[in-house]
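Residues per chain are reported as follows:
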Amino acid sequence: MFRISAFIICLLVATASVAQTNVNLGGITVDETAAVEVVADNLAVDQASGTAIFSGNVVIVQGEMKVAAANVEVFYTEATGDISRLVATGGVTFVTATEAAESRDAVYDLAGGTLTLTGDVLVTQGASAISAEKMVVNTGDGSAVMEGRVRTVLQQGQN
């Protein structure tokens, strides 16, 4: 109930000219040291640019987080060869044990610890939902900021 109260307070404080609210996604964190598993229909690797492009029914799993998209481009760091960033396009779904989100595109910056969803973002938490044009999630502490015509439906109690 505290989480719903926090939602309402944030929504009341936001002004109409600046449609922005803070969202706590239930303390979601991503184990950034966990392996990143990618499954897709196709893979194209460009050694010169240090990228890999997965296409067709792409599913990415890291710890408790799961991301699905039509296409995902993977960028690697030159120094270590570790994954630094994933760019998902063509309809993205982000799922954890307690929340789900969808958008047109997403950028998961492993090095910076952020997941940015853009374009018709919809987040559901149980029976509640919130939508906006953009959501930036801090994968370290689970907090998020939503911007751009934020709209929400908060379910108070089910009879």
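Whatever comes next refers back to the structure up there.
So, here is what we can say about the structure in this document.

1. Some words on the overall build of the chain
Link 1 in the chain: Secondary structure summary: the chain contains one helix and twelve strands in total.
Link 2 in the chain: Ordered by position in the sequence, the α and β elements of the chain form the string α-β-β-β-β-β-β-β-β-β-β-β-β.
Link 3 in the chain: Scored against the burial criterion, the 159 residues of the chain give a buried share of 31%.
Link 4 in the chain: A total of about 8,800 Å² of accessible surface is found on the chain, and carbon and sulfur atoms cover 53% of it.

2. Observations concerning the environment of threonine 124
Link 1 in the chain: Residue placement: threonine 124 occurs in strand E9 (residues 114-125).
Link 2 in the chain: Taking relative accessible area as the criterion, threonine 124 reaches 30% and is therefore assigned partly exposed.
Link 3 in the chain: Considering only alpha carbons, one finds threonine 124 and valine 95, 29 residues apart in sequence, at a separation of 9.8 Å.
Link 4 in the chain: Excluding anything up to four places from it in sequence, threonine 124 contacts Thr98, Glu99, Ala100 and Ala129.

3. Describing empty space enclosed by the protein
Link 1 in the chain: Under the criterion given, the structure shown has three cavities of 30 Å³ or more.
Link 2 in the chain: Counted as a void, the largest cavity has a volume near 50 Å³.
Link 3 in the chain: If you go around the largest cavity, the residues you meet are Ile60, Val67, Leu86, Ala88, Ala106, Val107, Tyr108 and Leu115.
Link 4 in the chain: Mapped onto the lining of the largest cavity, the elements with two or more residues apiece are strand E6 (83-95) and strand E8 (105-109).
Link 5 in the chain: Per-element accounting of the lining of the largest cavity gives the leading share, three residues, to E8.
Link 6 in the chain: Split into classes, the residues belonging to the lining of the largest cavity amount to eight nonpolar, no polar and no charged.

4. Observations regarding the nonpolar core
Link 1 in the chain: Ranked by size, the top nonpolar core spans 27 residues in total, and within it Val72, Leu117 and Met135 carry the most contacts.
Link 2 in the chain: Contributions of two or more residues to this core are made by strand E4 (51-62), strand E5 (65-76), E6, E8, E9, strand E10 (128-138) and strand E11 (143-147).
Link 3 in the chain: Examining the composition of this core, we find that five residues originate from one element, E5, more than from any other.
Link 4 in the chain: In this structure leucine 117 touches Val92, Ala101, Ser103, Asp105, Ala106, Glu133, Lys134 and Met135, once residues within four positions along its chain are discounted.

Cut-offs and rules
Residues numbered from 1 in each chain as written. Predicted model: local features only at pLDDT ≥ 70, side-chain atom pairs only at ≥ 80, totals over all residues. Heavy atoms only, no water. Helix = DSSP H or I, 4+ residues; strand = E, 2+ residues; numbered from the N terminus. Buried < 20%, exposed > 50% of the residue type's maximum accessible area, 1.4 Å probe, protein only. Areas by Shrake-Rupley, 256 points an atom, 1.4 Å probe, with all protein chains shown as cover. Contact = heavy atoms within 4.5 Å. 1 Å grid on protein atoms, 1.4 Å probe; cavity = no way out; pocket = protein on both sides within 12 Å on 5 of 7 lines; lining within 4 Å. Points joined across faces, edges and corners; volume = space filled by probe spheres on them. Nonpolar A, V, L, I, M, F, W, Y, C, P; charged D, E, K, R; others polar. Core = buried A, V, L, I, M, F, W, Y, C linked by side-chain atoms within 4.5 Å.

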